[in-house]
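# Reading the structure
The residues making up each chain are set out below.
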Amino acid sequence: VIGSSQPNLKYADQLLCASITTLKQTGKWDPSWVFVLSDHGIHQRDYGAHPERKRHVPLMVKAPGQTTREDRHDPFRLVDLDRIPGFSRAVDKHP
């Protein structure tokens, strides 16, 4: 049995906060795409046979100029990044 993950979560939160603060202080927050995601964590059992039982993984995206929050709960895969408005154009500009 693996111990509490709380210290790791707290550390990850501190790193994210420091990164966001640095982006804002350097004027890079507004024009930047920021992606925050997680892995599935440590599984104690196999969820492969039952896709509906797979754990949901958070994905947070901040687009350039974005000022309001939008929560989505529909299934999303990383191969579907082009579904994010404006992301395909940003990638095409910077090969």
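Structure's up top.
Here we summarise the structure given alongside this text. (Residues numbered from 1 in each chain as written. Predicted model: local features only at pLDDT ≥ 70, side-chain atom pairs only at ≥ 80, totals over all residues. Heavy atoms only, no water.)

### Notes on the side chain of Lys62
Here Lys62 lies in strand S2 (residues 59-62). Among buried charged residues, Lys62 stands out as having no salt bridge; its nearest opposite-charge side chain is Asp30, 5.3 Å away. Among the polar contacts made by the side chain of Lys62, one reaches the main-chain carbonyl oxygen of Asp30 at a distance of 3.3 Å. Setting aside chain neighbours within four positions, we find Lys62 in contact with Trp29, Asp30, Ser32, Trp33 and Val34. (Helix = DSSP H or I, 4+ residues; strand = E, 2+ residues; numbered from the N terminus. Buried < 20%, exposed > 50% of the residue type's maximum accessible area, 1.4 Å probe, protein only. Lys, Arg positive; Asp, Glu negative; His and termini not counted. Salt bridge = Lys/Arg side-chain N within 4 Å of Asp/Glu carboxyl O. Polar contact = N/O pair within 3.5 Å; in protein donor to acceptor, adjacent residues only side chain to side chain. Contact = heavy atoms within 4.5 Å.)

### Re the pattern of salt bridges
For the structure shown, the criterion picks out 3 salt bridges. A salt bridge links Arg72 to Glu70, with the shortest nitrogen-to-oxygen separation between them at 3.8 Å. The partner of Arg83 in a salt bridge is Asp80, with the nearest N and O atoms 3.6 Å apart.

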